[in-house]
Amino acid sequence: MSDRGFGLGRWGLLAALFLGSAGVWAETAAPLSEAQREFLEDGPGWLLSDAQRNDFLREDSAARDAHMAAFLAKDPIPATPQNELQEGLRRRRLLVQSEFLSLADDRARLLFLRGAPFERIKVDCAVAFKPIEVWRYGTEGVGTRYLMYRPAAEPSYRLWRPGDSKEPLYSAEMVYWLQQWQEYGGHKVSRAFDHQLCDDKSTLVDAVTGIDGLSLYRPKRPTDAQVMQGFAPPDDLAAWAKVAAVTPLPPEKPVIDGAKLEVQFPKTASNQRMTLRMLITLPPGVKLQSITEGEAPSKVRVNIEGALEQDGRFFESFRVRFEPKPPEATVPLVLVAERALRPGAGYVVRLRVRDEVGGAEAVLAQAFTVPKEAQAVATPPLPEGAVVQLADQLANLRIPGKDSLILVPPQDDIVVGLWRTEALVTGDKIQKVVFMVGGKTQFERNKPPYSAELRLPPLPTELVVRVEGYATDGQLVAADEMVLNQPRGELRVRIVEPRRGSTATGRVAVKAEVVVPEGRRVTKVELRVNDKVVAKLEHPPWEGAVEIPAGPDLAYLNAVAVLEDGTQAEDVRFFNAPGNFEQVDVNLVELYTTVTDKAGRLVPGLTQDDFEVREDGRPQKLAKCELIENLPIHLGIVIDTSGSMYQSIGEARRAAGDFLQKLMTPRDDAFALAFSDRPELLMPRTSDERAVDGALDNLHASGSTALFDALVHSLYYFRGTRGRRAMVLLSDGDDTSSGIGWRETLDYARRSGVAIYTIGLGVEVLGDIRGRLKDLAEETGGRVFFVSKAQELSGVYQQIDRELRSQYLLAFSSDRSNTDGKFRTIEVKAQKGKLDARTIRGYYP
């Protein structure tokens, strides 16, 4: 298909199609071809009346093709040189494609038929309403308004009609309270509960619907026919084409040319589902912008956003990310993802394939019917010589066979404290399951269900959980294990013990930490002494013992981490060094420093001579001083979604989204985390700011405040990243439900090296929360903001944006080579204290 349109699909079996506003069902004379389905469902068919669509469905395939060709060749305004219908279709398709992937969203159809609205208002008050958008067409003060709402079960929006009643617009709790309000007298007793919580939003919804509360109808309220008029095909096709042909478009993005989608059904999945395998082939020579992280080999980042539709309605969405090495110009790149679907049902899958770094896109679509039995792949499954990248299919657990077991992974990326897990067992040979953490047995289960509540460290720690299944005679039948809390990021290995600068001979304990790229696996860590392999470690903890020879000769220890494709990283320690041997320490202490004058304005143009740096009171010599404005940023957005945020959550979501859109460049990455009773990762680290922004759309306020747990979890996601790292934390109250204490949280923040910008929204002047937010910011080199209203958040995010893009990087090598692991204080002065210099308060070597 053309990546400028919505794509073609193959509808294997279509018995009937629901038609537009009239709700007419038409029996088809023959299955729709790919081109016919696209014509009918992806734009042009919306310009047909119900009768015309019925006639189209009743025709045979050849007649449909002729019908389509005649319609698309129409020139409704023959007096002009341009074919306005063709240009209008092209522009309206591009307009819809720029905003929506699934065309099951009623907003997509309204945008196609009517163009962009004059005004678009989001109703954000989650305690009262489901997500709502009000679109107004016309000019200032006049026009027609349409209300679209998002049902709880799907991310797409539906047009609200008066016949639907007003209940679908409200949260379940608000429906109950409004029923009570109306039953006990309504306006005669008090203002409606939704107005008490979010008055301006409720006033708008009442005005558009013509209904107060749930069923207090106003005179001249809109009818279904009036509302559906905006979704009706145009009476005058020439008039529609004339307006559509000049539709303003957003800036065009580069295109991934030649992308193709193939669907296969190679096997039966669990729970009587069939596996849908999607092969997205990018042709040889495809232009994807690569990125190099540190010394790691260059790679490309491709994000695929997917939507499945069934019977014209949204079914599910998914998002997968690939990070393959750039393919050679002569071979294609094949991306493979899978879903599990019920046999016999018909679907349309829509994919947006995006180069995260370069921004190029392709949009693909295909219709299919899921067969009842797995189908052999008739053609070669992959092009010869293709570079193949598989999506991470953690959700598709596959038990190897009879008399085996598998450990069910946690739902969260980070697991601390008590964790309940389960081993799935097949066959009847396994009669006992042993659960082990870090090599030590914690629980044994002698009958199903084979589940256990494991005790893990209170702070995130990389460790191995293992399950072993035994027969009645004590024989080990099967085993499985997984690594929890594994650091993700650019491949890196660091020798933690023995510490740099220490002296040792004889038997020495070695401990290493490995950072693993997303979607990759460490096959081994080799410990080498004087280039001789003395130990091979195959799983965490990466610990072993080596023999360091005594004597006058220099000895050195290497830790080498190896990935499944052979990629390596290493770290080194020297021993028995002569007095004149200087070990080069490439790990300079880096201080990202913000400098302002007494009026709070950022100060550019400073040089190394303008700074003084002291470590534990000792002057240090700077090895680097530069103003950095374009260095990549690793960013974390952390938002409090506890119940007290119900009035502010909408504005908080918008302000954070705007901040991401303005700050992030293709070289940056970010993640989003929300917290109430517990932390929840909304979007893993990605350079796709639209993905992070979109993840914030589903926020709603409820529950208590696990602030400390959220801080520690968020900081752990920065492990494995180097360079500028910043976290923006928004909260409106103190911690009420964390398992981690304040002192442990503050110490963890100090060790993280992440600058924390804290925002206190409407927090009390008295109490601990103000001091805690202030301490977090000052200890880590960030900044604290206190605002009284959510409307002030946009200005706060703008200040953080300016700061992050105008910092100085100061770096020094400590004059103390020995280390005891104790906290070292840092003090930075600019122009002998005439300017304010803000950076971390200290660090752990």
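**A short note on the overall build of the protein chain**
And step 1. Secondary structure summary: the protein chain contains 16 helices and 46 strands in total.
And step 2. Taking all 845 residues of the protein chain together, 49% fall into the buried category.
And step 3. Residue pairs at least 24 apart in sequence account for 67% of intrachain contacts in the protein chain once pairs closer than 6 positions are excluded.
And step 4. Taken as a whole, the protein chain presents about 39200 Å² of accessible surface, with 49% of it coming from carbon and sulfur.

**Re the packing of helix α4 (residues 84–99) against helix α5 (residues 106–114)**
And step 1. Running from N to C, α4 and α5 cross one another at 150 degrees; their axes reach a closest spacing of 9 Å. Here α4 lies roughly antiparallel to α5, going by the angle between them. When you trace α4 past α5, the crossing you get is right-handed. Facing Leu89, Arg92, Arg93, Leu95, Val96 and Glu99 of α4, the residues of α5 in contact are Ala108, Leu111, Phe112, Leu113 and Arg114.
And step 2. Considered class by class, the residues forming the contact of α4 with α5 number seven nonpolar, no polar and four charged.

**Points about the sheet that holds strand β43 (residues 807–812)**
And step 1. With antiparallel pairing, four strands are arranged side by side in an open sheet as β36-β43-β33-β45. With one partner strand each, in any of the chains shown, β36 (622–628) and β45 (836–838) form the two edges of the open sheet. Pairs of neighbouring strands in the sheet enclose a mean axial angle of 30 degrees, with direction left out of account.

**Points about unusual backbone geometry**
And step 1. A cis amide bond, omega -5 degrees, links Pro448 with the succeeding residue Pro449.
And step 2. Of note, Pro449 is situated in the loop between β22 (440–445) and β23 (451–455).
And step 3. Residue Pro498 is bonded to the preceding Glu497 through a cis peptide linkage, with omega at -5 degrees.
And step 4. Despite not being glycine, Ser165 has its phi angle at roughly 70 degrees, a positive value.
And step 5. Topologically, Ser165 is positioned in the loop between β6 (158–159) and α6 (172–183).
And step 6. The partly exposed category is assigned to Ser165, whose relative accessible area is 29%.
And step 7. One non-glycine residue with positive phi stands out, namely Lys220, at about 60 degrees.
And step 8. Here Lys220 lies in the loop between β8 (216–217) and α9 (224–228).

**Concerning helix α16 (residues 793–804)**
And step 1. Compared with the 16 Å implied by 1.5 Å per residue over 12 residues, the 17 Å span of α16 between its first and last C-alpha is a close match.
And step 2. Within the sequence span of α16, burial applies to Leu793, Val796, Tyr797, Ile800, Asp801, Glu803 and Leu804. All buried residues of α16 lie within an arc of 165 degrees about the axis, which places them on one face of the element.

**Let's talk about the side chain of Asp597**
And step 1. If you trace the backbone, Asp597 turns up in the loop between β33 (589–596) and β34 (611–615).
And step 2. A polar contact of 2.9 Å, which involves the side chain of Asp597, links it to the backbone nitrogen of Ala599.

**Concerning the pattern of salt bridges**
And step 1. Under the criterion given, the structure shown has 48 salt bridges.
And step 2. Between Arg841 and Glu778 there is a salt bridge, and its shortest N-O distance comes to 3.0 Å. Of this pair, Arg841 sits in the loop between β45 and β46 (842–843) while Glu778 sits in helix α15 (residues 769–780); the two residues are 63 residues apart in sequence, bridging distant segments of the chain.

**Focus on the packing of helix α11 (residues 649–663) against α16**
And step 1. Where α11 meets α16, the closest approach of the two axes is 9 Å, and the angle between their N-to-C directions is 25 degrees. What the angle tells us is that α11 and α16 run roughly parallel. α11 and α16 meet at a crossing whose hand is right-handed. Here Ala652, Ala655, Ala656, Phe659, Lys662 and Leu663 of α11 come into contact with α16, specifically with Leu793, Ser794, Tyr797, Gln798, Ile800, Asp801 and Leu804.
And step 2. A per-class count over the contact of α11 with α16 returns nine nonpolar, two polar and two charged.

**Details of helix α2 (residues 50–58)**
And step 1. When we look at burial in α2, the residues that qualify are Arg53, Asn54, Phe56 and Leu57. One side of α2 carries all its buried residues, which in axial view fall inside an arc of 160 degrees.

**Observations regarding the environment of Val534**
And step 1. Note that Val534 resides in strand β29 (residues 532–537).
And step 2. As a C-alpha pair, Val534 and Gly544 span 10 residues in sequence and 9.6 Å in three-dimensional space.
And step 3. Setting aside chain neighbours within four positions, we find Val534 in contact with Leu527, Arg528, Val529 and Val546.

**Side note on the environment of Ile826**
And step 1. On the secondary structure map, Ile826 appears in strand β44 (residues 824–830).
And step 2. What Ile826 contacts, discounting residues up to four positions off in sequence, is Leu591, Arg614, Glu615, Phe812, Thr839, Ile840, Arg841, Gly842 and Tyr843.

**Thoughts on the confidence of the model for the protein chain**
And step 1. Put simply, the protein chain has an average pLDDT of 84, and 89% of its residues get 70 or more.
And step 2. Taken together, the stretch residues 392–399 has pLDDT below 50 and engages in 13 contacts with residues farther than four places along the chain or on a different chain.

**Notes on the side chain of Glu803**
And step 1. Considering the arrangement of structural elements, one finds Glu803 in helix α16.
And step 2. In this view, Glu803 contacts Thr594, Leu602, Tyr757, Arg783 and Arg838; residues no more than four positions away in its chain are not counted.

**Here we look at the sheet that holds strand β30 (residues 542–548)**
Within a beta sheet, neighbouring strands are joined by backbone hydrogen bonds and run either parallel or antiparallel to one another.
And step 1. Taking strand neighbours across the sheet as the criterion, the three strands line up as β26-β27-β30 in an open arrangement whose pairing is antiparallel. One side of each edge strand has no neighbouring strand; the edge strands of this open sheet are β26 (492–497) and β30. Strand-to-strand twist of the sheet, defined as the mean angle between neighbouring strand axes without regard to direction, takes the value 35 degrees.
And step 2. Looking at chain direction, β26 and strand β27 (residues 506–515) are connected through five bridges and run antiparallel. When the bridges of β27 are listed, Arg492 appears paired with Val515.

**Side note on the packing of aromatic side chains**
And step 1. Under the definition given, this model contains 17 aromatic pairs.
And step 2. Note on Trp46 and Phe112: the rings are 5.4 Å apart at their centroids and 75 degrees apart in plane angle, and the pair reads as edge-to-face. Highlighted residues: Trp46 in the loop between α1 (34–41) and α2 and Phe112 in helix α5, separated in sequence by 66 residues. Here Trp46 and Phe112 have matching classes, each one buried.
And step 3. Each ring, one from Phe671 and one from Phe718, has its centre 5.2 Å from the other, and the planes form 65 degrees; the classification is edge-to-face. Of the two residues, Phe671 sits in strand β38 (residues 669–675) while Phe718 sits in the loop between α13 (707–716) and β40 (724–731), which places them 47 residues apart along the sequence. Exposure class is identical for Phe671 and Phe718. Each is buried.
And step 4. Members of the aromatic cluster, each reached through a chain of ring pairs, are Phe265, Phe315, Tyr347 and Phe368.

**Re the pairing of β44**
And step 1. On β44, burial follows the alternation: Arg824, Ile826, Val828 and Ala830 on one face are buried, whereas Thr825, Glu827 and Lys829 on the facing-out side are not.
And step 2. Strand direction decides the pairing type here: β34 and β44, joined by five bridges, are antiparallel. What sits directly across from Arg614, in β44, is Glu827.
And step 3. For β44 and β46, the ladder comprises two bridges, and the chain directions are antiparallel. The partner of Thr825 across the bridge, within β46, is Gly842.

**Structural notes on the environment of Phe129**
And step 1. Tracing the backbone shows Phe129 in the loop between β3 (119–123) and β4 (132–137).
And step 2. Counting along the chain gives 39 residues from Phe129 to Pro168, while the straight-line C-alpha distance between them is 8.9 Å.
And step 3. Those residues in contact with Phe129 that lie beyond four places of it in its chain are Val123, Leu169, Tyr170, Ser171, Asp194, Cys198, Lys201, Ser202 and Val205.

Reading the values: rules and limits
Residues numbered from 1 in each chain as written. Predicted model: local features only at pLDDT ≥ 70, side-chain atom pairs only at ≥ 80, totals over all residues. Heavy atoms only, no water. Helix = DSSP H or I, 4+ residues; strand = E, 2+ residues; numbered from the N terminus. Buried < 20%, exposed > 50% of the residue type's maximum accessible area, 1.4 Å probe, protein only. Contact = heavy atoms within 4.5 Å. Areas by Shrake-Rupley, 256 points an atom, 1.4 Å probe, with all protein chains shown as cover. Axes fitted to C-alpha atoms, helices over the stretch in contact; angles between N-to-C directions. Parallel < 35°, antiparallel > 145°, perpendicular 65-115°, else oblique. Left-handed = near helix turned anticlockwise from the far one by under 90°. Nonpolar A, V, L, I, M, F, W, Y, C, P; charged D, E, K, R; others polar. Pairing = 2+ DSSP bridges. Expected span 1.5 Å × (residues − 1). Arc of directions from axis to C-beta. Polar contact = N/O pair within 3.5 Å; in protein donor to acceptor, adjacent residues only side chain to side chain. Salt bridge = Lys/Arg side-chain N within 4 Å of Asp/Glu carboxyl O. pLDDT = per-residue confidence, 0-100. Phe/Tyr/Trp six-rings, centres within 6.5 Å; stacked < 30°, edge-to-face > 60°.

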